[in-house]
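Inside the fold
Take a look at the letters that make up each chain.
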Amino acid sequence: MEDKKNQMKKSSSLSLPSPENGSYDEEKQSCGSDSPSKTSRRKPGGWRAMPYVLGNETFERLASVGLLANFMQFLLTVFHMDQVSASNVLNIWSGVTNFIPLLGAFISDAYIGRFWTIAFASVFEMLGMLTLTFIPWLPQLHPTPCNPQVGQQCKGPNKSQLGFLVMGLGFLSIGSGGIRPCSIPFGVDQFDSTTDEGRKGIASFFNWYYTSFTVVLIIALTLVVYIQDSASWVIGFGIPTVLMFLSLILFFIGTRVYVYVKPEESIFSSIVQVFVAMHKKRKLKLPDERESNGVFYDPPLPKGSIVKKLPLTNKYRSLNKAAMVMEGEINTDGTPTNTWRLCSIQQIEEVKCLLKIIPVWATGIICFTAMAQQGTFTVSQALKMDRHLGPKFQIPAGTLSVISMITIGIWLPIYDRLIVPSIRKITRIEGGITLLQRIGIGMIFSILSMVVAGQIEKVRRNSAIMHGSADGIAPITVLWLAPQLILMGFAEAFNIIGQIEFYNKEFPENMSSVANSLFSCTVAGASYLSSFLVNILHNTTGGHGHPDWLTKDINQGRVENYYYLIAGLGVLNLFWFIYVARRYQYKTRLEVDDGIKSYSEVHELQDMKY
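Residues numbered from 1 in each chain as written. Predicted model: local features only at pLDDT ≥ 70, side-chain atom pairs only at ≥ 80, totals over all residues. Heavy atoms only, no water.

1. Re the overall build of the protein
The following threshold applies: Runs of H or I in DSSP of at least four residues are treated as helices and runs of E of at least two as strands, each being numbered from the N terminus. The contact definition used throughout considers only heavy atoms, calling two residues in contact when any of these lie within 4.5 Å.
Across its full length, the protein carries 15 helices and six strands. Contacts spanning at least 24 positions in sequence make up 80% of the contacts within the protein whose residues lie at least 6 apart.

Structure representation (structure tokens):
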């Protein structure tokens, strides 16, 4: 590997990277992925690239989060939507935004590579932010201002105003679709995972990535949201737009020091090929294990590849038919005559990795549905509570979710430096507990958060009704919402980080784009589920002179019942998760024995339980 690295020449061109100017890695890898760690690569990369990679990511996150952190209030107060319509807009947009990364990963892997995918996506993100900044700036792009507290009738957006809003959100979705699946893998690309130094660099990169993300969220949810709420929506949207422009500039400044991995055939094509080949050979009979020698197509991995060879297993055994060699299906050079009729064992086992993870992935949807309420109905609650700190300062409603971020920021160092080492001595597991246990603990916290949220909402609504003020605001401090947000912070610290690490470790190396897209699909599924529940409850609850649970006037509704419903679904989901987790077989595990770390591959014969 090192010899191959030394043979590569540094690009001296000032032009942006392309396969022609030699900035890309030369050697193709199996199963078609521009995965970071499998090929010889040119220097420098490493930490020299991190100021640009993390700087771009930090500015981009600060821009996008700062723009959308307070968007629920923007839709309620500037676009005059009711809370159900505003929630639907956010949930549908979030769902689309989090499914598009699958397409972004495909384009990146198969056609243009991660660098250009991030570059083009950043341009679309910039266009989206400009579009949304124009909406509060130009009067014709938003409804006429009104004051319902003095009896004015508020008109909602017309078709052209709503269309302009959808266009801006669409640009943001396209931008996120390219940035999200590629930002983490592109950062990992900068390190050589075949060396101890490279592996340590990757581990540090993950820590720095999430740390910078948490800091960005805190800034966006405090300073930027305060400007939007107290000064001007134009300035509050304009600042993130300028930051996104700086992100784009910083990303291109680093072109001379990046490591680029050449795009190849997408892993998605390989996945489809396995199912097509299996269908074409569905009538074949699989041989006994004693008679399987030479029956299955098992070519060696390309020279220089460090993608770990996966052995044939009996899990999802019918897929093995796709690798059964029939007469005339292999060329003289050992390649298949038709890749849609014959797949390798490696391809089949990669698909099996995806299939066995899907049940675990599905359990994350309901858990994240609970977390998603921080940006919708929690904001509606906050708007009807006393948000004053002192006689003059008022807490913006969209800022409250920073409590969750602060909880994460305080808890993670304590957990990583104090709790994990203590538990590790008992369990001899590198992370103290397994990743699935960590995910499960997060689910428990999300359920508790919804139960507490329901109790607090009952207190808030009763207080508002008893006080009977014209604006409907309850005379209790908005900090009553802190307990539910603290619990949700613990849920995120355990569940979200656990999911991200689980997907990245359990997928083969050349499926890193799929791994990072899968979490986005969890968020998308949660957004659609939330929208589905909101619309069902809005249309079916109430009646006989009583408003529905999620009626426009939150003081007349029963939002606490919605929270309890999510908690109940969470309990059922937890039982299903435990069932799935106890039967899951880890691909890898890292154990600690007398202070010495030992790494072992875990396949069908070696099971590490939940």
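Moving on, there is more to tell.
2. Quick look at empty space enclosed by the protein
Any empty space left between atoms is shown by rolling a water-sized probe over those atoms. Definition in use: Every definition here rests on a 1 Å grid over the protein atoms only: cavities are sets of points where a 1.4 Å probe fits but cannot get out, pockets are open sets enclosed by protein on both sides within 12 Å along at least five of seven lines, and lining residues have some atom within 4 Å of a point. Grid points are joined across faces, edges and corners, and a volume is the space filled by probe spheres set on the points. Classes in brief: Ala, Val, Leu, Ile, Met, Phe, Trp, Tyr, Cys and Pro nonpolar; Asp, Glu, Lys and Arg charged; the others, Gly included, polar.
A complete count under the given rule lists seven cavities of 30 Å³ or more for this structure. No other element matches helix α4 (residues 83-137), which puts seven residues into the lining of the largest cavity. The class makeup of the residues in the lining of the largest cavity is 28 nonpolar, 17 polar and five charged.

3. Regarding the nonpolar core
Within soluble globular proteins, side chains that are nonpolar generally end up buried alongside one another. Operational definition: To form a nonpolar core, buried Ala, Val, Leu, Ile, Met, Phe, Trp, Tyr and Cys residues must be joined to one another through side-chain atoms within 4.5 Å. Only protein chains enter the accessibility calculation, which uses a 1.4 Å probe; a residue is then buried when its area is under 20% of its type maximum, exposed when over 50%, and partly exposed in between. Marked domain ranges trace back to an automatic or database domain assignment.
In this structure, L436, M450, F502, Y503, F507, L550 and Y562 are the most contacted members of the largest nonpolar core, which totals 64 residues. Listing elements by their share of this core, those giving two or more residues are α4, α8 (267-280), α9 (345-372), α12 (435-467), α13 (482-506), α14 (512-540) and α15 (559-582). Sort the elements by how many residues they give to this core and α9 lands first, with 12 residues. Residues lining this core come from more than one domain, with at least three contributed by each of domain 2 (265-297 + 309-343) and domain 3 (351-587). With residues up to four places along the chain from it excluded, the contact list for Y562 reads Q373, F377, S530, L533, V534, L537, W549 and L550. In terms of nonpolar packing, the next biggest core, distinct from the first, is built from 61 residues, M385, V402, A482 and I497 among them.

4. Points about the packing of aromatic side chains
Our working rule: Planes of paired rings set the category: under 30 degrees apart is stacked, over 60 is edge-to-face and the rest tilted, where pairs are Phe, Tyr or Trp rings (Trp by its six-membered ring) whose centres lie within 6.5 Å. We count a charge as sitting over a ring when the NZ of a lysine or the CZ of an arginine lies within 6 Å of the ring centre and within 35 degrees of the ring normal.
Across all of its chains, the model carries 34 aromatic pairs by this definition. Relative to F186, the ring of F115 lies with its centre 6.4 Å away and its plane at 50 degrees, an arrangement referred to as tilted. Note that F115 is positioned in helix α4 and F186 in helix α5 (residues 159-189), a separation of 71 residues in sequence. With a centroid separation of 6.1 Å and 80 degrees between ring planes, the pair formed by Y258 and Y260 is classed as edge-to-face. For the pair shown, Y258 and Y260 are each scored as buried. One aromatic cluster is present, built from ring pairs that chain together F115, W116, F120, F186, F251, F252, Y258 and Y260. Sitting over the face of the ring of Y316, K315 holds its NZ or CZ atom 5.2 Å from the ring centroid.

5. Some words on the pattern of salt bridges
This is how the line gets drawn: A pair is scored as a salt bridge if a Lys or Arg side-chain nitrogen falls within 4 Å of a carboxyl oxygen belonging to Asp or Glu.
Evaluated as defined, the whole model comprises eight salt bridges. Between E329 and K281 there is a salt bridge whose closest N-O contact spans 2.8 Å. In this pair, E329 is assigned in the loop between α8 and α9 and K281 in the loop between α8 and α9, connecting sequence segments 48 residues apart. Judged by its relative accessible area of 2%, K281 falls in the buried class. We note a salt bridge from E329 to R341, for which the minimum N-O separation is 3.4 Å.

6. A few points about the packing of α9 against α13
Selection criterion: Axis geometry follows a simple rule: fit a line to the C-alpha atoms, using only the stretch in contact for helices, then measure angles between N-to-C directions, giving values from 0 to 180 degrees. In this scheme, roughly parallel covers angles under 35 degrees and roughly antiparallel covers those over 145, while 65 to 115 is roughly perpendicular and the rest are oblique. If you view the pair so one helix is near and one far, a crossing is left-handed when the near helix is turned anticlockwise from the far one by less than a right angle, and right-handed when it is turned clockwise.
Where α9 meets α13, the axes come as close as 11 Å, and the angle between the chain directions of the two elements is 160 degrees. If you check the angle between α9 and α13, you find them roughly antiparallel. The handedness of the crossing between α9 and α13 comes out as left-handed. Of the residues in α13, those touching α9 at C353, I357, V360, W361, G364, C367, F368, A370 and M371 are M488, A491, E492, N495, I496, Q499, F502, Y503 and E506. Taken together, the residues of the contact of α9 with α13 sort by class into 13 nonpolar, three polar and two charged.

7. A look at the confidence of the model for the protein
As a note on interpretation, predicted positions should not be read in detail where pLDDT is low. Our working definition: Residue-level confidence of the predictor is what pLDDT reports, using numbers from 0 through 100.
Taken residue by residue, the protein gives an average pLDDT of 80. The fraction at 70 or more is 85%. Highest mean pLDDT in the protein belongs to α15 (94); lowest belongs to helix α1 (residues 2-7) (40). Confidence over residues 1-42 falls short of pLDDT 50; this stretch has 133 contacts with residues more than four positions distant or in other chains. Ignoring residues within four places in sequence, the model shows residues 594-610, a span with pLDDT below 50, making 51 contacts including any to other chains.

8. Topic: the side chain of N495
Put simply, the rule is: Polar contacts here mean pairs of N or O atoms no more than 3.5 Å apart (in protein, one a potential hydrogen donor and the other a potential acceptor; neighbouring residues in sequence count only if both atoms are side-chain atoms).
With respect to the secondary-structure elements, N495 resides in helix α13. With a relative accessible area of 0%, N495 lands in the buried category. Polar contacts involving the side chain of N495 include one to the side chain of Q499, which spans 2.5 Å.

9. Things to note about the packing of helix α2 (residues 50-68) against α4
At a minimum axis separation of 9 Å, α2 and α4 run at an interaxial angle of 40 degrees. Comparing the axis directions of α2 and α4 gives the class oblique. For the crossing formed where α2 meets α4, the hand is left-handed. Of the residues in α4, those touching α2 at N56, E60, A63, S64, L67 and L68 are W93, I118, E125, M129 and L132. Each residue belonging to the contact of α2 with α4 can be placed in one class, and the counts come to seven nonpolar, two polar and two charged.

10. Thoughts on the pairing of strand β4 (residues 474-477)
As a reminder of what qualifies: Pairing between strands is defined by DSSP: at least two bridges between the two strands are required.
The side-chain alternation of β4 yields one buried face, formed by A474 and I476, and one unburied face, formed by P475 and T477. As paired elements, strand β1 (residues 385-386) and β4 share two bridges and run parallel to each other. Among the inter-strand pairings, M385 is bridged to a residue of β4, identified as A474.

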